[in-house]
Amino acid sequence: MKVGVFGATGQVGSVMRAILIERDFPVDEIRFFASSRSAGQKIEFKGDQVEVEDADLADFSGIEVALFSCGANASKVLAPRVAKSGAVVVDNSSAWRMDDDVPLIVPEVNGVEIKNIKKGIIANPNCTTMVAMPVLAPLHKEWGLNRIVATTFQAVSGAGGAGVKELADQVFDVGQDVSKLAFDGSAVDLGLSKVFPANVAFNVIPMAGSLVNDGSGDTNEETKLRDESRKILGIADLDVTATCTRVGVMTGHSLSITAWFRNETSTKKALELLELAPSVELVDIPTPLLAAGRDPSFVGRVRSHYSDPTQLSLFVSGDNLRKGAALNAVQIAELLL
Ligand SMILES: NC(=O)c1ccc[n+]([C@@H]2O[C@H](COP(=O)([O-])OP(=O)(O)OC[C@H]3O[C@@H](n4cnc5c(N)ncnc54)[C@H](OP(=O)(O)O)[C@@H]3O)[C@@H](O)[C@H]2O)c1
């Protein structure tokens, strides 16, 4: 396959390059694209030095699969151009996910949607939604999901390299003064917050994403979790209440989920289903640190409600850069093969 990686210099792009090699994806030719800022830079791939091309100026002919992680604005412009030149685009941004003519795919859950590529574009879900899908899908199949209340705990790398830098800078700013934080957060100057609406180091910010302009008070991360879960699971009226928070974690998004089903659940059966579910690993204590750098969604704290057996709670953590973005995109490319 002739493969193009768009956003190759970014966090997701670099994980994509690594995963293509790890999974032995049959690459005959690779091309790397980014903005004019990084054009000309050389990146190693399987022993070769590959020059990064300016995506605005490049000729895309010959590319068969294009893996995109260059943000929604660039994707809106570039994805149709690359698809028109003959490639299938697998896009990581929010640009195309809710387009009726673009399938939104998690291979383990709704891989059959690969048959419905109308625009030459396939969308990859948002990294938080992605972590939950392999866990909720088998439970939905067994009992019929109809409502979710979820609180997310999202890592700074979900906001790009700039988010990682902001947390790192604030942690290093604190330096040896860290013990003071135990008594009085204001005793320590955590530096400027540009990416996040409050200091993210040693903190929990109950607003991940930006407020949507519909008067609901929801952020776009919260509406993405609702809309994308509905589309992937095929439950048009799924009732989702989400509160998305940003936490001082480098990589690994987590969700605390309480779900309601049409039928009665049991903890024992839920554990059996999750044990068998693809891309899911059952553990006693799922954490983002456990998930970072690994492929599965780690799920634990699974329990049916004491008085309402239609209600089940669980906690799930997954790597937002791997399954949440790069790995799922490569798995979609494998489905295309
Ligand atoms: N981070 C996550 O957990 C995550 C999860 C799911 C999806 N995503 C999606 O993936 C995108 C990238 O995330 P990231 O964390 O890798 O961000 P990042 O580290 O900031 O990297 C952004 C990449 O996009 C490139 N880019 C920016 N504007 C461009 C343009 N106009 N034309 C071509 N390339 C352009 C950048 O190239 P330069 O080097 O030239 O600036 C860089 O390679 C996000 O915007 C989001 O849509 C991210």
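Residues numbered from 1 in each chain as written. Predicted model: local features only at pLDDT ≥ 70, side-chain atom pairs only at ≥ 80, totals over all residues.

Turning next to unusual backbone geometry. Of note, K46 is a non-glycine position whose phi angle comes to about 50°, a positive value. By the element assignment, K46 lies in the loop between β3 (42–45) and β4 (48–54). The backbone phi angle of F202 is positive, close to 60°, even though this residue is not glycine. (Helix = DSSP H or I, 4+ residues; strand = E, 2+ residues; numbered from the N terminus.)

A separate point is the site of the ligand. The immediate surroundings of the ligand are formed by 28 residues, with G7, G10, S35, S93 and G160 found nearest. Of all the secondary structure elements, the ones that give two or more residues to the shell around the ligand are α1 (11–22), α2 (72–84) and α9 (322–336). In terms of residue count, α1 provides more of the shell around the ligand than any other element does, three residues in total. The residue inventory of the shell around the ligand, partitioned by class, reads ten nonpolar, 17 polar and one charged. (Near = placed C-beta within 6 Å. Nonpolar A, V, L, I, M, F, W, Y, C, P; charged D, E, K, R; others polar.)

Our focus in this paragraph is the nonpolar core. F6, M16, L67, V90, V316 and A326 are the most contacted members of the largest nonpolar core, which has 82 residues in total. With ten residues, the top contributor of residues to this core is helix α4 (residues 127–143). When residues no more than four places from it in sequence are discounted, the contact partners of L67 are V3, V5, F6, M16, V90, A329 and A333. In terms of nonpolar packing, the next biggest core, distinct from the first, is built from ten residues, A155, V200, V247 and V249 among them. (Core = buried A, V, L, I, M, F, W, Y, C linked by C-beta atoms within 7 Å. Buried ≥ 20, exposed ≤ 12 C-beta atoms within 10 Å, placed from the backbone. Contact = placed C-beta atoms within 7 Å.)

The strands making up a sheet are joined through hydrogen bonds of the backbone, oriented either antiparallel or parallel. As summarised here, the arrangement of the seven strands in space is β3-β4-β2-β1-β5-β6-β7, forming an open sheet in which the pairing is mixed. Each of the sheet's edge strands pairs with one partner strand only, and the pair in question is β3 and β7 (121–123). Averaged over all pairs of adjacent strands, the angle between strand axes in this sheet comes to 25°, irrespective of strand direction. Direction of pairing for strand β6 (residues 88–91) relative to β7: parallel, over a ladder of three bridges. Paired with D91 across the two strands is A123, which belongs to β7. Across the face of the sheet, α1 comes into contact with β1 (2–6), β3 and β5 (65–68) while running at roughly 155° to β1. Across the sheet, α2 touches β1, β5, β6 and β7, and the angle it forms with β6 is around 155°. (Pairing = 2+ DSSP bridges. Axes fitted to C-alpha atoms, helices over the stretch in contact; angles between N-to-C directions.)

On the basis of which strands lie adjacent, the open sheet formed by seven strands has the order β9-β10-β8-β11-β14-β13-β12 and mixed pairing. Looking at which strands have only one partner, the edges of the open sheet turn out to be β9 (204–205) and β12 (280–282). Pairing geometry for strand β8 (residues 145–154) and strand β11 (residues 253–261), over eight bridges, is antiparallel. Bridge pairing links T151 to S256 in β11. Against the sheet, helix α6 (residues 220–233) touches β8 and β10 (239–247), its axis set at about 130° to β10.

In contact at an axis separation of 10 Å, α4 and α6 are set at 40° when each is read in the N-to-C sense. As far as their axial angle goes, α6 and α4 are oblique. Seen from above, α4 lies across α6 with right-handed handedness. Residue-level inspection shows T128, T129, M133, L136, A137 and H140 of α4 in contact with α6, the latter providing E221, K224, L225, E228, S229, I232 and L233. Partitioning the contact of α4 with α6 into residue classes produces six nonpolar, four polar and three charged. (Parallel < 35°, antiparallel > 145°, perpendicular 65-115°, else oblique. Left-handed = near helix turned anticlockwise from the far one by under 90°.)

Here α2 is 13 residues long and its end C-alpha atoms lie 18 Å apart, about the 18 Å a rise of 1.5 Å per residue gives. L78 marks where α2 bends most, by close to 35°; the proline P80 follows one to four residues later. All buried positions along α2 are accounted for by A74, S75, L78, A79 and V82. Of the surrounding elements, those touching the buried residues of α2 are β1, β5, β6 and β7. Note on α2: the residue one or two positions beyond its end, G86, has a positive phi of about 115°. (Expected span 1.5 Å × (residues − 1). Bend = angle between axes of the 7 residues up to and from the residue.)

It is worth spelling out the environment of G160 at this point. Relative to the assigned elements, G160 resides in the loop between β8 and α5 (161–174). Each C-alpha atom of the pair G160 and G47 lies 27 Å from the other, and the pair is 113 residues apart in sequence. With near-sequence residues (within four places) excluded, G160 lies in contact with G10 and Q11.

Given 3.6 residues per helical turn, the α-helix brings residues three or four places apart onto the same face. In a regular helix each residue adds 1.5 Å, so twelve residues correspond to 16 Å; α1 covers 17 Å between its end C-alpha atoms and thus fits that length. Those residues of α1 lying buried are Q11, V12, G13, V15, M16, R17, I19 and L20.

Taken as a whole, the protein is organised into domain 1 (2–125 + 326–336) and domain 2 (129–155 + 206–320). Computed over C-alpha atoms, the centres of domain 1 and domain 2 are 26 Å apart. Listed per partner, the contact involves eleven residues of domain 1 and 13 residues of domain 2. Where the side of domain 1 that touches domain 2 is concerned, the elements lending two or more residues are α3 (107–110) and α9. Counting residues per element, the side of domain 1 that touches domain 2 draws most heavily on α3, which supplies three residues. (Domains from an automatic or database assignment.)

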